Amino acid sequence: MTDTSAPPEPPVRPERSAVVPAPSAAPDDARPAEQPRPSGLGRVLARAAAVTAALTALGSLLGLVRDQTIAHLFGAGPATDAFLVAWTVPELSATVLIEDAMALLLIPAFSLALARRGTGAGQGPDPVRALLAATLPRLLLALATVMVLLELGAPAIVGVLAPGLRDSALAVDCTRLTAATVLTFGLTGYFSAALRAHRRFVPPAAVYVVYNIGIVATLLLLHARWGVRAAAAGVAVGGLLMVLVQLPSFLRRVPPCGTGPRRSAEPAGAPAPLGLALLAPVIVFTLCRQAQVLIERFLAAPLPAGAISHLNYAQKVAQLPMVLSLMIVTVTFPVVARALADGEPEKARLRVERDLTLAGMVVLLGTAFVIACAPQIVHVLFQRGAFDAVDTAATASVMRVYALGLLGQSMVGALVRPFFSAARPTWYPAAAMGAGLLITVVAGAVTVGYWGIYGIAGANAAGITATAVLLLRGLGTQVIAVRARTVAAGLGRLVIAATAACAAGWATTRLLPGPVPSLTVCCLVVPAVATATAAAVRVPEIPHLLATVKRKLPHAR
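Digging into the overall build of the chain
- Helix and strand counts for the chain stand at 22 helices and two strands.
- Every one of the 557 residues in the chain was classed for burial, and the buried ones make up 54%.

Written out as structure tokens, the structure reads:
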């Protein structure tokens, strides 16, 4: 499979105001008078979104195979709890270095470098290669240092993350194996950001495919000899594969300094694309967001054995709709960043508003399905080998609680990107995430004694939802003046549609015997009821999507 072709780069326009005023010619809840016409960029984004969706779905499917393999081989007990504590390292690394911080920092930086390419007078270094030389060596040194510190401090890290864990020695061994992901995930995130800024989406979308293949293969080869340590070794192998799958495309698009022709220099006095003022708020936001997982495992460590595992299995399955919804903003984030770099903030605003509605549509459809069919989903995916019916019941119950926060999770992932897309320092997202984290900590500490893992999952949902509300309210005053009331009204209609679909799916599971038949029928009932209800309550995007389907049908015959 080849990379998605990028259209010619648009000329750079003079920079405009950082905040786009909302249009005043129409009421706040009005739709734009005209739908945007298809363009070359639109077709490129559509193809990129389709490829990204396919590879994201495949990566998620392989992630389920990974979790199924771990559940089948080790069940949900002290060994899996120890491994999941060690898995905190790659989870945190993935959030900071692949999914959030690295992308939020480097995609705008590379977009700005691309916009400056060819705009200066005289001859000098290519801005893209200059950015590479200024950032990559320092990043490698920092990542290698952190990796060594994790290796040496593994016992202390386990003690802090999970005090009272039954098999802390096993968790230490696994932590030392997973520490390698700090280096490999950092390179993966750097390559992904650079390629997406160049509108090359296939290799970045494939990283979780090869990652999960590496884990499963290592598990199958070594589990009899190494036990759950084989899963930790598989994480290290998978991280290396993530780097290798992107390396050829990265070297073609961003060759090392000195290997290509010299290009026009960047304008004198232009601000550095990266600096402490820009780095700090992004990193703090990312760490606060990932701290939710740390809090969950800290609170669950004293609970009966298997509590951490039940939380993990529930979260991994429940978050699949959120992951699929964020593929939309993953593809369009470079477009938003480039629009702001080119001085076209109105274009960025329209893109963000539509992305929020589409992401909400995807995640709420998945939420309805997860809540309606949680026991059947867990039974089909995990109930075999060491994972018994008791584990299924506990995981399904907590998964339903987690699902209540999926819209908040998706909106936080979608809303934070515009804040950082202009490559300007802003602490608002970190403050909003900090407020949500405080809610999670307080609510979790209060409710865990009464409701155990259900209280922990409920606190997670409450905290992330509060963060999403704060981000939506603050976006208009920070970077892009999205019409918050219009977006909120559209999401409210989608919640109504998802509630009706969830009720229909729940009724279906009660009428049909067996998990497989009920899941099969629910796959038809839930989307049908959601679409019909969304059309009835006039969700803005539904007519446009139906019209698009009708236009495509003649070509499919």
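Re the packing of aromatic side chains
- Within the structure shown, the criterion is met by 10 aromatic pairs.
- Here F419 and Y428 contribute two aromatic rings whose centre-to-centre distance is 5.6 Å and whose plane-to-plane angle is 10 degrees, an arrangement assigned as stacked.
- With relative accessibility at 1%, the residue F419 sits in the buried group.
- Taken together, the ring pairs in this structure connect F110, Y190, F191 and F250 into an aromatic cluster.
- Across from the ring centre of W87, 4.8 Å away, lies the NZ or CZ of K316, which sits over that ring.

A closer look at the packing of helix α6 (residues 154–161) against helix α7 (residues 168–178)
- In contact at an axis separation of 9 Å, α6 and α7 are set at 120 degrees when each is read in the N-to-C sense. With respect to their mutual orientation, α6 and α7 come out oblique. Crossing of α6 against α7: the hand is right-handed. Counted together, A154, P155 and V158 of α6 and S168, A171, V172, T175 and R176 of α7 form the full contact between these two elements.

Let's talk about the environment of T533
- Position of T533 relative to the elements: it lies in helix α21 (residues 515–536).
- Considering only alpha carbons, one finds T533 and A498, 35 residues apart in sequence, at a separation of 8.3 Å.
- A polar contact is formed between the side chain of T533 and the backbone oxygen of V529, at a distance of 2.7 Å.

Describing a nonpolar patch on the surface
- A cluster of nonpolar residues, L438, V441, V442, V446, Y450, W451 and Y454, forms a patch on the protein surface that exposes about 770 Å² of accessible area.
- The dominant element in the nonpolar patch, judged by the number of residues it contributes, is helix α18 (residues 428–451), at six residues.
- Tracing the backbone through its elements, the reader meets V446 in helix α18.

Digging into the nonpolar core
- F83, Y190 and M399 are the most contacted members of the largest nonpolar core, which totals 151 residues.
- Here this core gets 17 residues from one element, more than from any other, and that element is helix α15 (residues 345–382).
- The contacts of Y190, once residues within four sequence positions are left out, are L97, M102, L106, F110, L131, L132, T135, L136, L139 and F250.
- Among the nonpolar cores identified, the runner-up in size contains six residues, and V202, A205, A206 and V209 belong to it.

Quick word on α18
- With 24 residues, α18 should cover 34 Å at 1.5 Å per step; its first-to-last C-alpha distance of 33 Å lies within 8% of that length.
- The axis of α18 is deflected most strongly, by about 30 degrees, at A445.
- Those residues of α18 that fall on the buried side of the exposure criterion are P429, A430, A432, M433, G436, L437, T440, G444, T447 and V448.
- The first or second residue beyond α18 is G452, which carries a positive phi of 60 degrees.

So, helix α16 (residues 389–403)
- For α16, which comprises 15 residues, the first-to-last C-alpha distance of 21 Å matches the rise-based estimate of 21 Å (1.5 Å per residue) to within 8%.
- What α16 keeps buried is the set D391, T392, A394, T395, A396, V398, M399, V401, Y402 and A403.
- The backbone nitrogen of V390 lies 3.2 Å from a side-chain oxygen of the residue at the head of α16, namely D388.

Some thoughts on the side chain of T286
- Note on placement: T286 falls in helix α12 (residues 276–300).
- Not counting chain neighbours up to four residues away, the residues in contact with T286 comprise T95, V96, D100 and A101.

Topic: the packing of helix α3 (residues 88–99) against helix α4 (residues 101–116)
- Here α3 crosses α4 at 10 degrees, and the two axes come no closer than 3 Å. Between α3 and α4, the crossing angle belongs to the class labelled roughly parallel. Across from T95, V96, L97, I98 and E99 in α3, the residues of α4 making contact are A101, M102 and A103.
- Of the residues belonging to the contact of α3 with α4, the class tally is six nonpolar, one polar and one charged.

As for unusual backbone geometry
- Although it is not a glycine, R538 sits at a positive phi angle of roughly 65 degrees.
- Among the structural elements, R538 can be located in the loop between α21 and α22 (541–556).
- Looking at R538, the relative accessible area reads 69%, which means it is exposed.

Analysis parameters
Residues numbered from 1 in each chain as written. Predicted model: local features only at pLDDT ≥ 70, side-chain atom pairs only at ≥ 80, totals over all residues. Heavy atoms only, no water. Helix = DSSP H or I, 4+ residues; strand = E, 2+ residues; numbered from the N terminus. Buried < 20%, exposed > 50% of the residue type's maximum accessible area, 1.4 Å probe, protein only. Phe/Tyr/Trp six-rings, centres within 6.5 Å; stacked < 30°, edge-to-face > 60°. Lys NZ or Arg CZ within 6 Å of the ring centre and 35° of its normal. Axes fitted to C-alpha atoms, helices over the stretch in contact; angles between N-to-C directions. Parallel < 35°, antiparallel > 145°, perpendicular 65-115°, else oblique. Left-handed = near helix turned anticlockwise from the far one by under 90°. Contact = heavy atoms within 4.5 Å. Polar contact = N/O pair within 3.5 Å; in protein donor to acceptor, adjacent residues only side chain to side chain. Patch = residues over 30% accessible without salt bridge, like charges linked within 9 Å, V, L, I, M, F, W, Y side chains within 5 Å. Areas by Shrake-Rupley, 256 points an atom, 1.4 Å probe, with all protein chains shown as cover. Salt bridge = Lys/Arg side-chain N within 4 Å of Asp/Glu carboxyl O. Core = buried A, V, L, I, M, F, W, Y, C linked by side-chain atoms within 4.5 Å. Expected span 1.5 Å × (residues − 1). Bend = angle between axes of the 7 residues up to and from the residue. Nonpolar A, V, L, I, M, F, W, Y, C, P; charged D, E, K, R; others polar.

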